[in-house]
Amino acid sequence: MTGPDKDFFNYSYSELVDVLAKEFDATKFRATQLFEWVYRRGVTDFDQMTNISRELRVRLADRFVFPVAAVNDRQISTDGTRKYLFEVEGGDLVESVMIKQPNRMTLCVSSQVGCAMGCKFCRTGTMGLKRSLSTSEIIRQVRGVLEDAKNFGDSFSNIVFMGMGEPLHNFDGVTRAVKLLTDPIGLGMSPRKVTVSTVGLVPAIRKLAASDVSVSLAVSLNATTDEIRSQVMPINDRFPISELLDAIKAFPVGPRKKVTIEYVMLGGLNDTEEDRKRLAKMMRGMPVKINLIPYNDNAGLGFNSPSREWVYEWQRYMSSQGLQAFIRWSKGADIAAACGQLATNSKRQSRLPVLEQAAA
Ligand code: SAH
Ligand code: SF4
């Protein structure tokens, strides 16, 4: 990059304080005002920031830009789930999903264009990795969805990094975005309501644990033996189950908080009677809750979905073993918005004029 970054959404609060002090001889209070306008009120037009002097506003407008992720496409599922195709830098396309649940909406954002991890049951994995998203490109997805949510009179209460990509393979981009989302002067979300889901990059989990970033963690375990896990998740050859469990045990969680263990049930492969016994044994005594995710066979990758009855059986079994287990049935499968279905070809497509967003 030549010259200082003009993209406002790449700056943390403390970095903004520094820039304003150095380049504008302005106080910390100005940074607070700017953050409030942008993240609290969604205002990015300096003309509207009336508590800042005109002279300073003119100089700031020259220094900062507020890029918008154009909505390239939006689809609405019969179950109320909405999928957005956003255009980010260089015409790359990423997907974000607003998942409708009984009493809340969860926003699922992407962290990378594609993914390098190559899990065999996931469509994003078949894309390979093009690149990681910048913090701004992650924030742009959030802002884009918030803007469109006005048309529906709703919003989200939770954000999960479970879209395209492996969030901990984009450690800086993602943790900086998490900070903006949870900063009381930023979007002000509770760290309990922001979840990073990882394939199990052990060193990155440990780095996150040691950092000053407060966020909820979900780990995609998806198997109970190294043999099967390596077969479907190549990353297991580098970080086998025992190392992963150690990293999870060492992850700091608050007193009433748990790490989420995701378990995609691949019919006949990792959901046998022995598997559920091993899983229960493995999880006993750990501060975790389990999300059972029936394989979404719309991903079309040759695995089988378990029967509904068997999924309920597993849930009952986990409860009988004193473990908390939830079932995550596919949402938005009819619009290819469900787990494992996200994949884009990063070509410029014609935009839907009706969804064109107002330039910032
Ligand atoms: N890369 C991160 C986050 C994105 S994937 C991770 O792997 O955790 C989000 C979740 O979707 C993961 O738990 C993953 O195992 C699951 N998933 C992937 N493909 C799926 C499919 N076809 N059916 C059901 N869940 C799937
Ligand atoms: Fe990447 Fe997660 Fe898909 Fe694996 S499941 S390929 S880590 S997005």
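Our subject in this report is the structure included herewith. Note that this is a predicted model, so its numbers are computed, not measured.

In spatial order, the strands read S1-S2-S3-S4-S7-S8-S9-S10-S11-S12; together these ten strands make up an open sheet with mixed pairing. Across the chains shown, the open sheet's two edge strands, defined by having one partner strand only, are strand S1 (70–76) and strand S12 (325–327). With direction set aside, neighbouring strand axes in the sheet form an average angle of 20°. Pairing of strand S7 (residues 158–161) with strand S8 (residues 194–198) involves three bridges; the strand directions are parallel. In the sheet register, Phe161 faces S8, and the bridge partner there is Val196.

Surveying the vicinity of ligand 1 reveals 22 residues, the closest of which are Phe121, Gly165, Ser197, Ser220 and Asn296. A distance of 3.0 Å is found between a nitrogen atom of ligand 1 and a backbone nitrogen or oxygen belonging to Gly165. At 3.2 Å, a side-chain N or O of Glu166 approaches a nitrogen atom of ligand 1. Here ligand 1 loses 95% of its free accessible area of 530 Å² to cover by the protein chains. For the shell around ligand 1, the secondary structure elements donating two or more residues are S8, strand S10 (259–265) and strand S11 (288–294).

When charged atoms on two side chains of opposite charge get close, those side chains can pair. If you walk through the whole model with that rule in mind, you get 18 salt bridges. Of the charged contacts in the structure, one is a salt bridge between Arg140 and Asp7, with a shortest N-O distance of 3.0 Å. Here Asp7 lies in the segment before helix H1 (13–24) and Arg140 lies in helix H5 (residues 135–149), a separation of 133 residues in the sequence. For Arg140, a relative accessible area of 4% translates into the label buried. The residue Arg74 makes a salt bridge to Asp148 at a minimum N-O spacing of 3.0 Å. Residue Arg74 is found in strand S1, and its partner Asp148 is found in helix H5; the two are separated by 74 residues along the sequence. For Arg74, a relative accessible area of 24% translates into the label partly exposed. In this structure Asp148 comes out as buried when scored by relative accessible area, which is 5%. Ionic contacts of the salt-bridge type, sharing partners, join the residues Glu273, Arg276, Glu309, Glu313 and Arg316 into one network.

So, on to the side chain of Glu87. Note on placement: Glu87 falls in strand S2 (residues 82–87). A polar contact is formed between the side chain of Glu87 and the side chain of Asn72, at a distance of 3.4 Å.

Let us now look at the pairing of S11. Judged by how many residues are buried, S11 sits mostly within the fold: six of seven residues are covered. The pairing of S10 with S11 spans seven bridges and is classified as parallel. Looking at S11, one finds that Glu262 is bridged to Asn291. With helix H10 (residues 273–283) bridging S10 and its parallel neighbour S11, the resulting β-α-β unit is right-handed.

A few words now on the packing of H5 against helix H6 (residues 171–182). Interaxial distance between H5 and H6 falls to 8 Å at its minimum, and their mutual angle equals 45°. In terms of orientation, H5 lies oblique with respect to H6. Between H5 and H6 the crossing geometry is right-handed. Contacts from Thr135, Ile138, Ile139 and Val142 of H5 reach H6 at Asp172, Gly173, Val174, Arg176, Ala177, Leu180 and Leu181.

By the definition in use, this model includes 15 aromatic pairs. Measuring from ring centre to ring centre gives 5.6 Å for Tyr11 and Phe64, while their planes differ by 85°; the resulting arrangement is edge-to-face. Pair noted here: Tyr11 is in the segment before H1 and Phe64 is in the loop between helix H3 (54–63) and S1, with a separation of 53 residues, a long-range link. The exposure class assigned to Phe64 is buried, which follows from its relative accessible area of 3%. Within the aromatic cluster, the residues linked to one another by ring pairs are Phe8, Phe9, Tyr11, Tyr13, Phe35, Tyr39, Phe46, Phe64 and Phe66. Over the aromatic face of Phe152 sits the side chain of Arg82, whose NZ or CZ is 3.8 Å from the ring centroid.

What counts as what
Residues numbered from 1 in each chain as written. Chains lettered and ligands numbered in written order. Predicted model: local features only at pLDDT ≥ 70, side-chain atom pairs only at ≥ 80, totals over all residues. Heavy atoms only, no water. Pairing = 2+ DSSP bridges. Helix = DSSP H or I, 4+ residues; strand = E, 2+ residues; numbered from the N terminus. Axes fitted to C-alpha atoms, helices over the stretch in contact; angles between N-to-C directions. Near = heavy atom within 4 Å. Polar contact = N/O pair within 3.5 Å; in protein donor to acceptor, adjacent residues only side chain to side chain. Areas by Shrake-Rupley, 256 points an atom, 1.4 Å probe, with all protein chains shown as cover. Salt bridge = Lys/Arg side-chain N within 4 Å of Asp/Glu carboxyl O. Buried < 20%, exposed > 50% of the residue type's maximum accessible area, 1.4 Å probe, protein only. Right-handed = clockwise from strand over helix to strand, strands pointing away. Parallel < 35°, antiparallel > 145°, perpendicular 65-115°, else oblique. Left-handed = near helix turned anticlockwise from the far one by under 90°. Contact = heavy atoms within 4.5 Å. Phe/Tyr/Trp six-rings, centres within 6.5 Å; stacked < 30°, edge-to-face > 60°. Lys NZ or Arg CZ within 6 Å of the ring centre and 35° of its normal.

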